[in-house]
Amino acid sequence: MLEPVVLTWSGGKDSALALHYLKNTRQYQITNLLTTITKDYNRISMHGVRSILLDNQSEALGLPIEKVFISKNSSNKEYEIQIREKLLFYKRQGVSSVAFGDLFFRRHQKISRTKFI
């Protein structure tokens, strides 16, 4: 049985590489893509990409997208509260791992997978 995992999704190449890796290992079932949207701009918080592009990516990949909304002047605390709430929702659904991709930090060049509680 494949391990269910939520993949954080920025809409960029780091996320695409993480998705590619996870699919090719044949160990994981990606249940959802998860992203943060700045609600005041309706854009992906990480890159400023319009939300419509995110919807198009989700549809093209055949994976549901879960949007977490934060305000334009969001503190890290607000972000953490919103993300934690969403991850606890997934935990109740039986998903206990979240995967991240990050090409910009040498120490993170491999895909990281985190168990959450």
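Right, let's walk through the structure included here. (Residues numbered from 1 in each chain as written. Predicted model: local features only at pLDDT ≥ 70, side-chain atom pairs only at ≥ 80, totals over all residues. Heavy atoms only, no water.)

1. Quick word on helix 2 (residues 51-61)
We count it as follows: Each residue's exposure class comes from its accessible area (1.4 Å probe, protein chains only) as a fraction of the maximum for that residue type: buried when under 20%, exposed when over 50%, partly exposed otherwise. In DSSP terms, a helix is any run of H or I states spanning at least four residues, a strand is any run of E spanning at least two, and both are numbered starting from the N terminus. To be clear, the arc concerns the directions from the helix axis to the C-beta atoms. Contacts: residue pairs with any heavy atoms within 4.5 Å of one another.
Those residues of helix 2 not exposed but buried are S51, L54, Q57 and S58. All buried residues of helix 2 project into a common sector of 115° when viewed along the axis, lining one side. The exposed residues of helix 2 that point more than 90 degrees off its buried face are I52, E59 and A60. Next to the buried residues of helix 2 lie strand 2 (28-38), strand 3 (43-44) and strand 4 (65-70). G62 sits one or two residues past helix 2 and shows a positive phi near 70°.

2. Focus: the packing of aromatic side chains
Short version of the rule: Planes of paired rings set the category: under 30 degrees apart is stacked, over 60 is edge-to-face and the rest tilted, where pairs are Phe, Tyr or Trp rings (Trp by its six-membered ring) whose centres lie within 6.5 Å. Here, a charge over a ring is recorded when the distance from Lys NZ or Arg CZ to the ring centre is within 6 Å and its angle to the ring normal is within 35 degrees.
Scanning the entire structure with this criterion turns up one aromatic pair. Considering the side-chain rings of F89 and Y90, the 5.4 Å spacing of their centres and the 65° angle between planes classify their relative orientation as edge-to-face. By relative accessible area, F89 is classed as partly exposed at 30%. The buried category is assigned to Y90, whose relative accessible area is 3%. Stacked on the ring of F89, the Lys or Arg K86 has its end atom at 5.1 Å from the ring centre.

Read these as geometric descriptors, not functional statements.
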